[in-house]
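Structure at a glance
Single-letter residue listing:
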Amino acid sequence: MDTTGRASGAPETIDWEALRQAAAAAMGRSYSPYSKYPVGAAALLDDGRIVSGCNVENASYGLTLCAECTMVGALQMGGGGRIRAFYCVDAAGAVLMPCGRCRQLLYEFRSPGMVLMTGRGIKTMDEILPDAFGPENLENH
Ligand SMILES: O=c1ccn([C@H]2C[C@H](O)[C@@H](CO)O2)c(=O)[nH]1
Ligand SMILES: [Zn+2]
């Protein structure tokens, strides 16, 4: 990974600002009356589309859907695809790391060389979820 955000095997540079704006816009749809912590997530897909999501909370707190969950739903409902780059923000504009569950959700739809913006720069999927369990583990069951 270089500092421009160029993913291995990806010919163009990622437009991180467009992704940040899509995540911020999605955050505006957040339903977060319990935590009062709106979150927006956005992913750049392999075909150039951007999909996004917001957190959707529930009176049964533990059922809350993270922004990444609804984003993955939007990805699939929009015809599917593979994630090249991911960005998640809160209302203060801070970049968020996906929780453990969401790292697994993102892993399922990663492209080779998928990258994420973090507070410490651009990271690969493998860096944030090493030795992941994935669809390949189910191949010979
Ligand atoms: O990466 C994250 C971290 C937290 N949340 C949501 C879940 C909950 O609604 C609120 C507080 O945890 O933030 C997300 O959507 N994504
Ligand atoms: Zn999560």
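Note that this is a predicted model, so its numbers are computed, not measured.

Moving on, we get to the side chain of Asp-90. Secondary-structure assignment places Asp-90 in strand E3 (residues 83-90). From its side chain, Asp-90 meets the backbone nitrogen of Ala-94 in a polar contact 2.9 Å long. For Asp-90, the residues in contact, after removing those within four places along its chain, are Met-27, Tyr-37, Pro-38 and Leu-96.

Here we take up the environment of Asp-90. Taking relative accessible area as the criterion, Asp-90 reaches 8% and is therefore assigned buried. Between the alpha carbons of Asp-90 and Ala-24 there is a distance of 7.7 Å; along the sequence they are 66 residues apart.

Around ligand 1 lies a shell formed by Ser-35, Tyr-37, Val-39, Asn-55, Glu-57, Thr-64, Cys-66, Ala-67, Glu-68, Met-97 and Pro-98. A distance of 2.9 Å separates an oxygen atom of ligand 1 from a polar atom in the side chain of Asn-55. When isolated, ligand 1 has an accessible area of 370 Å², and the protein chains bury 78% of it.

Moving on, we get to the coordination of the zinc ion (ligand 2). At this site the zinc ion (ligand 2) is bound by Cys-66 (SG), Cys-99 (SG) and Cys-102 (SG), with donor distances of 2.2 to 2.4 Å. All donors of the zinc ion (ligand 2) belong to a single chain; written as a sequence motif, their spacing is C-x32-C-x2-C. Of the two residues, Cys-66 is situated in the loop between strand E2 (50-54) and helix H2 (67-77) and Cys-102 in helix H3 (residues 100-108); the sequence distance between them amounts to 36 residues.

Every other side chain in a regular strand lies on the same face of the sheet, so the side chains alternate between the two faces. As judged from the four bridges shared by strand E4 (residues 110-118) and strand E5 (residues 121-124), these two strands associate in the antiparallel manner. Looking at the pairing, Met-117 lines up with Ile-122 of E5. Where E4 hands over to E5, the hairpin turn is made up of two residues, counted between the paired strands.

Here E3 runs beside E4; their pairing, made up of three bridges, is parallel. From the neighbouring strand, Ala-85 faces E4, where its bridge partner is Val-115. Read as a crossover between parallel neighbours, the route from E3 over H3 to E4 is right-handed.

Take the pattern of salt bridges next. Once their charged atoms are close, side chains differing in charge can pair, the charge on each being opposite to the other. On inspection of all chains with the given rule, the structure shows three salt bridges. For Glu-17, the salt bridge goes to Arg-20, with nearest N and O atoms at 2.7 Å. With Glu-17 and Arg-20 both in helix H1 (residues 16-27), this residue pair falls three residues apart, about one helical turn. Accessibility expressed as a relative area gives 38% for Glu-17, which makes it partly exposed. Put simply, Arg-110 and Glu-136 hold a salt bridge, and the shortest N to O gap is 3.9 Å. Here the residue Arg-110 occupies a position in strand E4, and Glu-136 occupies one in the segment after helix H4 (125-128), the gap between them amounting to 26 residues.

This next bit is on the packing of aromatic side chains. With the rule as written, the count across this model stands at two aromatic pairs. Taken together, a centroid distance of 5.4 Å and an interplanar angle of 40° make the contact between Tyr-34 and Tyr-61 tilted. In this pair, Tyr-34 sits in the loop between H1 and strand E1 (39-45) while Tyr-61 sits in the loop between E2 and H2, placing the two residues 27 residues apart along the sequence. With a relative accessible area of 58%, Tyr-61 lands in the exposed category. Lying over the aromatic face of Tyr-107, Arg-110 brings its terminal NZ or CZ to 3.7 Å of the ring centre.

Reading the values: rules and limits
Residues numbered from 1 in each chain as written. Chains lettered and ligands numbered in written order. Predicted model: local features only at pLDDT ≥ 70, side-chain atom pairs only at ≥ 80, totals over all residues. Heavy atoms only, no water. Helix = DSSP H or I, 4+ residues; strand = E, 2+ residues; numbered from the N terminus. Polar contact = N/O pair within 3.5 Å; in protein donor to acceptor, adjacent residues only side chain to side chain. Contact = heavy atoms within 4.5 Å. Buried < 20%, exposed > 50% of the residue type's maximum accessible area, 1.4 Å probe, protein only. Near = heavy atom within 4 Å. Areas by Shrake-Rupley, 256 points an atom, 1.4 Å probe, with all protein chains shown as cover. Donors = N, O, S within 2.8 Å, 3.2 Å for Na, K, Ca; no water. Pairing = 2+ DSSP bridges. Right-handed = clockwise from strand over helix to strand, strands pointing away. Salt bridge = Lys/Arg side-chain N within 4 Å of Asp/Glu carboxyl O. Phe/Tyr/Trp six-rings, centres within 6.5 Å; stacked < 30°, edge-to-face > 60°. Lys NZ or Arg CZ within 6 Å of the ring centre and 35° of its normal.

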